[in-house]
Amino acid sequence: MDAVERLIAERACERLIIDYAALNDAGDWAAVAALYVADGRMSRPTAPDDFVVGRDAILAAFNARPTRASRHICANIRVTVSSAGTATATSQILLFTGSDQAPKVGSYQDRMIPTEDGWRFVERKGSLDF
């Protein structure tokens, strides 16, 4: 992989993280779930060791959430492309869920691969920092 290919892959992975936040805030759960490979897994920052496995289960988990307004602010996104077929990333998240609740600060650790539909999450592990 040359430098330009690496930059393109890094940017695609950064966009995947940003799209995840935007689709999550829009409540478009089907589109959020579609950002995972079929057997992908995720954990929410509030339950970092409780993985939901499989795109269908991820969609069901989002559909089961109560409706809420939210805004996810992504920062410090660092993508490492290890080959043409894998990437890892870390990022921080600032989550606002309403004027009556304090914002939450968390982190994500991601593993991604390219697919025919673009880069997709294999694993997205969240954690709360404070």
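Please read these numbers as outputs of a predicted model, since none were measured by experiment. (Residues numbered from 1 in each chain as written. Predicted model: local features only at pLDDT ≥ 70, side-chain atom pairs only at ≥ 80, totals over all residues. Heavy atoms only, no water.)

(A) Quick look at the pairing of strand β1 (residues 36–43). Looking at chain direction, β1 and strand β6 (residues 118–128) are connected through four bridges and run parallel. The residue bridging Arg 41 from the neighbouring strand is Glu 123, located in β6. Where β1 lies against strand β2 (residues 52–53), two bridges are found, and the strand directions are antiparallel. For Met 42, the partnering residue across the bridge sits in β2 and is Val 52. (Pairing = 2+ DSSP bridges. Helix = DSSP H or I, 4+ residues; strand = E, 2+ residues; numbered from the N terminus.)

(B) Fine view of the sheet that holds strand β3 (residues 71–83). An order of β2-β1-β6-β5-β4-β3 is seen for the six strands of this open sheet, with the pairing classed as mixed. The sheet terminates laterally at β2 and β3, the two strands that pair on one side only. Taken strand by strand, helix α1 (residues 3–26) contacts β1, β3, β4 (86–96), β5 (104–115) and β6, and its axis lies near 150° from that of β3. Packed onto the sheet, helix α3 (residues 55–63) meets β1 and β2 and runs at close to 45° relative to β1. (Contact = heavy atoms within 4.5 Å. Axes fitted to C-alpha atoms, helices over the stretch in contact; angles between N-to-C directions.)

(C) Geometry of the pattern of salt bridges. What the rule picks out here adds up to six salt bridges. For Asp 19, the salt bridge identified is with Arg 15, shortest N-O distance 2.7 Å. Remark: Arg 15 and Asp 19 occur in helix α1; sequence separation between them is four residues, near one turn of the helix. Owing to a relative accessible area of 23%, Asp 19 belongs among the partly exposed residues under this scheme. Accessibility expressed as a relative area gives 45% for Arg 15, which makes it partly exposed. Here the salt bridges do not stand alone but share partners, grouping Arg 41, Arg 111 and Glu 123 into one network. (Salt bridge = Lys/Arg side-chain N within 4 Å of Asp/Glu carboxyl O. Buried < 20%, exposed > 50% of the residue type's maximum accessible area, 1.4 Å probe, protein only.)

(D) Expanded view of the environment of Arg 78. Looking at the element boundaries, Arg 78 is found in strand β3. Taking the relative accessible area as the measure of exposure, Arg 78 reaches 62% and is therefore exposed. Residues Arg 78 and Thr 115 lie 37 residues apart in sequence; the distance between their C-alpha atoms is 20 Å. Apart from residues no more than four positions distant in its own chain, Arg 78 is found in contact with Thr 88, Ala 89 and Thr 90.

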